[in-house]
Amino acid sequence: MPVGLNAVALTIAAIAYHRITGHTYPHRPQDAEASTVIQNYFTREDIYNALQSMPDTLDVEPGDIEQLLAIIDKNKCDLK
């Protein structure tokens, strides 16, 4: 099969899989909940600056890191 057709087939399969499992494709971080939970710790600018100072490029969005920190904070609060 030509490369272009393979790419289209894989993209359609990824979209179908993510719809079945309830996720979005491509991934979009959920900003609203994350930024309210971690506002006392880090700002979006802090996260962006930290990503820029990394020696290697990371394929991660600041919103993904905000969401991760919000989940950590929520889990930490649930344990108390």
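Predicted model only: the values in this text are computed from it and were never measured. (Residues numbered from 1 in each chain as written. Predicted model: local features only at pLDDT ≥ 70, side-chain atom pairs only at ≥ 80, totals over all residues. Heavy atoms only, no water.)

Peer 1: It is not clear to me how the overall build of the chain should be interpreted in this structure. Could you clarify?
Peer 2: Each helix and strand counted, the chain has 4 helices and 0 strands in total. Taken from N to C terminus, the helices and strands of the chain fall in the order α-α-α-α. Contacts in the chain between residues at least 24 apart in sequence constitute 49% of all its contacts with a sequence separation of at least 6. For the chain, the exposed surface amounts to about 6700 Å²; the carbon and sulfur share of it is 60%. (Helix = DSSP H or I, 4+ residues; strand = E, 2+ residues; numbered from the N terminus. Contact = heavy atoms within 4.5 Å. Areas by Shrake-Rupley, 256 points an atom, 1.4 Å probe, with all protein chains shown as cover.)

Peer 1: I'm lost on helix H1 (residues 3–21) in this one. Help?
Peer 2: Every α-helix winds through 3.6 residues per turn, so residues three or four apart in the chain are directed the same way. Its 19 residues place the ends of H1 27 Å apart at the C-alpha level, agreeing with the 27 Å of an ideal helix rising 1.5 Å per residue. Positive phi shows up at Gly22, right after H1, with a value of about 85°. (Expected span 1.5 Å × (residues − 1).)

Peer 1: What exactly am I supposed to notice about the confidence of the model for the chain here?
Peer 2: Low pLDDT means the predicted coordinates in that region are not meant to be read closely. Here the chain shows a mean pLDDT of 77. Residues at 70 or above account for 76%. Mean pLDDT per element in the chain: helix H2 (residues 31–37) is the minimum at 50, and H1 is the maximum at 89. (pLDDT = per-residue confidence, 0-100.)

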